[in-house]
Amino acid sequence: MKIGYPCINRSIGCTANSTFRLASYSEERIATVVKNNLSCLRKILDFNLEKGFLFFRMSSDIVPFASHPVCKFKWASVFKKELLEMGDFIKKNSMRISMHPDQFVLLNSHDKDIVSRSVDELKWHCRFLDSMRLDGSAKVQIHVGGAYGNKTEAIKRFIKIYKQLPKLISKRLVIENDDRLFNLSDCLSIHEETGIPIIFDNFHHACNGNGTSCSDALKRAASTWREKDGALMTDYSSQEPGERKGKHAEHIDIKDFSEYLRLNSSIDFDIMLEIKDKEKSAAKALAAANKKL
DNA sequence: AGTTGTCAAGCTAGT
DNA sequence: ACTAGCTTGACAACT
């Protein structure tokens, strides 16, 4: 089991997701920003190795505007050496990597331009992971998309587009159960048709799982991951006490987390902690997990 | 130096 | 009709 946190490290004093305004785009600007982002990413991975966090989500802002028409910057060739070195480090230390393109990626949109932009966005994410020579266990996660008033049709469109995706994307793409629209059973029906692995989010399942058990859901999600996909990836978060339903917690509740581990100890899975205080909660979670072993 | 409105992209649900 | 929220943070223009 590998444990980690997404995108941002609050301890080491640099960010790997620095960006800028589109209006101030220039080749010089993007070259500088990507260089700094990669250098910080490397520092974060060093930090993570030292602390034992072997799972990390790389920010989509690491190459700002990567899929925007304005961007002609050849990041993969300019930073080839750095990227390969990063990949070697990741592989040598058996780290797990994921990326999570944002809400604008909608493969099931009615609008073909939105679909086309979404595919472009997925492409660069996959190329980024390819540039580090990471295998198919490094994943790019998205949600199914919008419902557009008819979930059945929305699911059909997702399946249709998925089947047309290039191998570059399909070997990395996974779908996550969301908290309002497409729950685990929707994702499973897409999996049936496509073979796409399902990343399991316990909090979304609690919000939108028809009251079905978390452990059973986790097992079903795990069954969608093939050997080449690696272990089941999961997102873990919990409700911020006293706040709106669905709001992520600021700090991990280690008692709940330990219980979650105990209930699911029969499955091997990796955990991305979507908790606002990032590596602080990850350290507590890792300590709890190590105590179990 | 500190404050704050705004940032490429879209959808849903709640007001 | 409008906007918070989504992995949210941080850029950049303004005091």
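To be clear, the structure that these remarks concern was listed above.
None of these values were measured; they are calculated from a predicted model.

Parameters and conventions
Residues numbered from 1 in each chain as written. Chains lettered and ligands numbered in written order. Predicted model: local features only at pLDDT ≥ 70, side-chain atom pairs only at ≥ 80, totals over all residues. Heavy atoms only, no water. Helix = DSSP H or I, 4+ residues; strand = E, 2+ residues; numbered from the N terminus. Contact = heavy atoms within 4.5 Å. Polar contact = N/O pair within 3.5 Å; in protein donor to acceptor, adjacent residues only side chain to side chain. Pairing = 2+ DSSP bridges. Axes fitted to C-alpha atoms, helices over the stretch in contact; angles between N-to-C directions. Near = heavy atom within 4 Å. Nonpolar A, V, L, I, M, F, W, Y, C, P; charged D, E, K, R; others polar.

Chemist: Go over the environment of Asn 177 with me, naming the residues and quoting the values.
Modeler: Within the secondary structure layout, Asn 177 lies in the loop between strand S5 (173-176) and helix H7 (184-194). Each C-alpha atom, one on Asn 177 and one on Gly 211, is 14 Å from the other, the two residues being 34 residues apart in sequence. When near neighbours in sequence (up to four residues on either side) are disregarded, Asn 177 contacts His 143, Phe 182, Asn 183, Leu 184, Cys 187, Ile 199, Phe 200, Asp 201, His 204 and His 205. From its side chain, Asn 177 meets the backbone nitrogen of Asp 201 in a polar contact 2.8 Å long.

Chemist: Explain the sheet that holds S5 to me, using residue names and the numbers behind them.
Modeler: Taken in spatial order, the 8 strands close into a barrel running S1-S2-S3-S4-S5-S6-S7-S8, and their pairing is parallel. For this sheet the average axis-to-axis angle between neighbouring strands, irrespective of direction, equals 30 degrees. In the sheet, strand S1 (residues 3-6) pairs with strand S2 (residues 55-58) via 3 bridges, with the strands oriented parallel. Bridge pairing in S2 links Pro 6 to Arg 57. Along the sheet face, helix H9 (residues 214-222) touches strand S6 (198-201), strand S7 (232-236) and strand S8 (269-273) and points at about 160 degrees away from the line of S6.

Chemist: Go over the protein's contact with DNA strand B with me, naming the residues and quoting the values.
Modeler: Contacts to DNA strand B come from 19 residues, most closely from Arg 21, Leu 22, Phe 104, Ala 147 and Tyr 148. Atoms of DNA strand B within 4 Å of the protein: sugar and phosphate make up 46%, bases the balance. At 2.6 Å, a backbone N or O of Leu 22 approaches a phosphate oxygen of DNA strand B. In the model, a phosphate oxygen of DNA strand B is placed 2.9 Å from a nitrogen or oxygen of the Ala 147 main chain. Here the residues of the surface near DNA strand B sort into 9 nonpolar, 5 polar and 5 charged.

Read these as layout, nothing more, since geometry by itself doesn't imply function.
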